[in-house]
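Fold and geometry: a report
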Amino acid sequence: PGETLARYLAAFGPATVKDAQVWSGLTKLREAAARLGGRLRTYRDERGRELLDLAGAPRPDADTPAPPRFLPEWDNLLLSHADRSRVITEADRARVFTVNGIIRPTILVDGTVRGTWSLVRERGAAALVVEPFAKLAKGDRAALADEGARLLAFAAPGEPHDVRFAQADGA
């Protein structure tokens, strides 16, 4: 259990013990954390909850911007925490997690889920369709278009492609 906890924290830390338990299905990880002792550091989040991380894990400055990202279906970022509110609002969670168990592919802007995306292929071309939940700032939209072009170069090599943005809700 201790090594499983350490591997979880290497991927998803800082996190709560409960986060690791949700991800792994294991119980009694608080005892495992205690046995890891000096290998871990503790922090407090804005709600006062104890967060654990590996002592040597890199930590960016709080002001470091998080680049936009396209996450696939069932991405671990959305599955690996008991409390997902650090990355997705409850209202947006209902848009991403469907009633039949599908977790849609999402876009992250500044580390937060801000919409969904899909890859559409038609007539020998590929398009990445971005569906933001709210209007995006011009710079965020441009950064997503750049990241989307890189994703298309990987997912549809040799095919003509473009990045399209659907109209945001309420825009």
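Before any of the text, the structure's been laid out above.
Described below are features of the structure shown in this document. (Residues numbered from 1 in each chain as written. Predicted model: local features only at pLDDT ≥ 70, side-chain atom pairs only at ≥ 80, totals over all residues. Heavy atoms only, no water.)

1. Some words on the overall build of the protein
- Along the backbone of the protein there are 6 helices and 7 strands.
- Along the protein, helices and strands appear, N-terminal first, in the series α-α-α-β-β-β-α-α-β-β-β-α-β.
- Taking the principal axes of the C-alpha coordinates as reference, the protein spans close to 55 × 30 × 30 Å.
- Every one of the 171 residues in the protein was classed for burial, and the buried ones make up 36%.
- Seen as two clouds, the 25 positive and the 23 negative side-chain charges of the protein have centres 3 Å apart. (Helix = DSSP H or I, 4+ residues; strand = E, 2+ residues; numbered from the N terminus. Buried < 20%, exposed > 50% of the residue type's maximum accessible area, 1.4 Å probe, protein only. Lys, Arg positive; Asp, Glu negative; His and termini not counted. Charge placed at Lys NZ, Arg CZ, Asp CG, Glu CD.)

2. Quick word on helix α3 (residues 29-36)
- For α3, the set of buried residues is Leu29, Ala32, Ala33 and Leu36. Mapping the buried residues of α3 onto a view down its axis gives an arc of 100 degrees, with all of them on the same face. Exposed residues lying more than 90 degrees from the buried face of α3 are Ala34 and Arg35.
- Those residues of α3 that are buried are in contact with α1 (2-12), α2 (17-24), β1 (40-44) and β2 (50-54).
- Once α3 finishes, Gly37 follows within two positions and takes phi at roughly 45 degrees, a positive value. (Arc of directions from axis to C-beta. Contact = heavy atoms within 4.5 Å.)

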